[in-house]
Amino acid sequence: MQYRKLGKTNAVVSALGFGAMRLPTKGSETDVDEAAAIEMIRYAVDHGVNYVDTAYVYHGGMGETVVGKALAAGYRQKVHLATKLPVWSVTSRADCDRIFEEQLRRLQTDHIDFYLLHCLQKKHWAKMRELGVLAWAEELRAAGRIGHFGFSFHDTYEAFVEILDTYDWSFCQFQYNFVNEDVQAGTKGLKYAAA
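1. A word on the overall build of the protein chain
Alright, step 1. The secondary structure content of the protein chain amounts to 7 helices and 8 strands.
Alright, step 2. Taking 195 residues into account, the globule formula puts the C-alpha radius of gyration at 16 Å, and the protein chain, at 16 Å, falls close to it.
Alright, step 3. Along the longest, intermediate and shortest principal axes, the C-alpha atoms of the protein chain span 40 × 40 × 35 Å.
Alright, step 4. Taken over 195 residues, the protein chain has a buried fraction of 48%.
Alright, step 5. Restricting to contacts in the protein chain with at least 6 residues of sequence separation, those with at least 24 account for 71%.
Alright, step 6. With the model as given, the accessible surface of the protein chain reaches about 9600 Å², and the carbon-plus-sulfur share is 52%.
Alright, step 7. When the 22 basic and 24 acidic side-chain charges of the protein chain are each reduced to a single mean position, those positions are 2 Å apart.

Structure follows, in structure tokens:
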């Protein structure tokens, strides 16, 4: 496995991470095939993957629960765990607290290594700033409950630059692959963030 330093952090993560957005199911999105998913996640970790990404809403809320079960029995200590705050569901700092505590319970952990504002877009960015979510995250980081703070992104390049330039993020995540190099943040965004 190849490893790389992630963003502005000192964390060294596997070049391939395990994304838990589409775990195997037994039919419906929320009916996760736990045995198969746990086997897949542990197989990946046993073969060098050390970055596991999930989110509050994946699999209708069941994604984090299954990831938590997969990372039991010593696997949690082997990975950098990432999850996300669903910004579209947040109307107060109390919502942030409630969701974060629920995530810790689901994931069976006392801290999140990489915490992201999920699917941050221009329309949600102003609300997050207004609600003081950045200060909220800094408090969690100071208390050791969040290791690094970033955002995932699906919007225009211009919105990406505005969000990136407004705060000292540790890292960011956005859609990028061979077929959409010029979609959303795109190659320009990748280069801008790296600079």
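2. Topic: the sheet that holds strand β7 (residues 146–153)
Alright, step 1. Taken in spatial order, the 6 strands make up an open sheet running β3-β4-β5-β6-β7-β8, and their pairing is parallel. Either end of the sheet is taken by a strand with one partner, and the two such strands are β3 (18–19) and β8 (171–174).
Alright, step 2. Sheet topology note: the strand β6 (residues 112–120)/β7 ladder contains 6 bridges and is parallel. Residue I112 lies in a different strand from β7, and its bridge partner there is I146.
Alright, step 3. Seen against the sheet, helix α3 (residues 93–107) touches β5 (80–86), β6 and β7 and runs at an angle of roughly 145° to β5.

3. Regarding the packing of aromatic side chains
Alright, step 1. This structure, assessed with the given rule, holds 15 aromatic pairs.
Alright, step 2. Here the aromatic rings of F114 and F171 are separated by 5.0 Å at their centres, their planes lie at 90°, and the arrangement is edge-to-face. With F114 in strand β6 and F171 in strand β8, this residue pair connects regions lying 57 residues apart in the sequence. With respect to burial, F114 and F171 carry one shared label: buried.

4. Concerning the pattern of salt bridges
Alright, step 1. Under the counting rule described, the total for this entry stands at 10 salt bridges.
Alright, step 2. Of the charged contacts in the structure, one is a salt bridge between K69 and E34, with a shortest N-O distance of 3.0 Å. Remark: E34 occurs in helix α1 (residues 34–46) and K69 occurs in helix α2 (residues 62–70); sequence separation between them is 35 residues.
Alright, step 3. Exposure remark for K69: the relative accessible area of 32% places this residue in the partly exposed category.
Alright, step 4. Here K122 ties to E162 by a salt bridge, and the two come within 3.3 Å at their closest N and O atoms. Residue K122 is found in helix α4 (residues 122–130), and its partner E162 is found in helix α6 (residues 157–166); the two are separated by 40 residues along the sequence.
Alright, step 5. Note on E162: relative accessible area 32%, which makes it partly exposed.
Alright, step 6. Connected via shared salt-bridge partners are E64, E102 and R106.

5. Let's talk about the nonpolar core
In summary, soluble globular proteins display a tendency toward joint burial of nonpolar side chains.
Alright, step 1. L85, L117, L120, W136, F151 and W169 are the most contacted members of the largest nonpolar core, which totals 50 residues.
Alright, step 2. In this structure, F151 is in contact with L116, L117, L120, F160, I163, L164, W169, F171, C172 and Q173, ignoring residues within four places of it in sequence.
Alright, step 3. A11, F114, L116 and F171 belong to the second-largest nonpolar core, a separate cluster that totals 7 residues.

6. Focus: the pairing of β8
Alright, step 1. Sheet topology note: the β7/β8 ladder contains 4 bridges and is parallel. Following the sheet pairing, S152 is matched in β8 by Q173.
Alright, step 2. Tracing the backbone out of β7, into α6 and back to the parallel element β8 gives a crossover that is right-handed.

Calculation rules
- Residues numbered from 1 in each chain as written.
- Predicted model: local features only at pLDDT ≥ 70, side-chain atom pairs only at ≥ 80, totals over all residues.
- Heavy atoms only, no water.
- Helix = DSSP H or I, 4+ residues; strand = E, 2+ residues; numbered from the N terminus.
- Rg over C-alpha atoms; globule rule 2.2 N^0.38 Å.
- Buried < 20%, exposed > 50% of the residue type's maximum accessible area, 1.4 Å probe, protein only.
- Contact = heavy atoms within 4.5 Å.
- Areas by Shrake-Rupley, 256 points an atom, 1.4 Å probe, with all protein chains shown as cover.
- Lys, Arg positive; Asp, Glu negative; His and termini not counted.
- Charge placed at Lys NZ, Arg CZ, Asp CG, Glu CD.
- Pairing = 2+ DSSP bridges.
- Axes fitted to C-alpha atoms, helices over the stretch in contact; angles between N-to-C directions.
- Phe/Tyr/Trp six-rings, centres within 6.5 Å; stacked < 30°, edge-to-face > 60°.
- Salt bridge = Lys/Arg side-chain N within 4 Å of Asp/Glu carboxyl O.
- Core = buried A, V, L, I, M, F, W, Y, C linked by side-chain atoms within 4.5 Å.
- Right-handed = clockwise from strand over helix to strand, strands pointing away.

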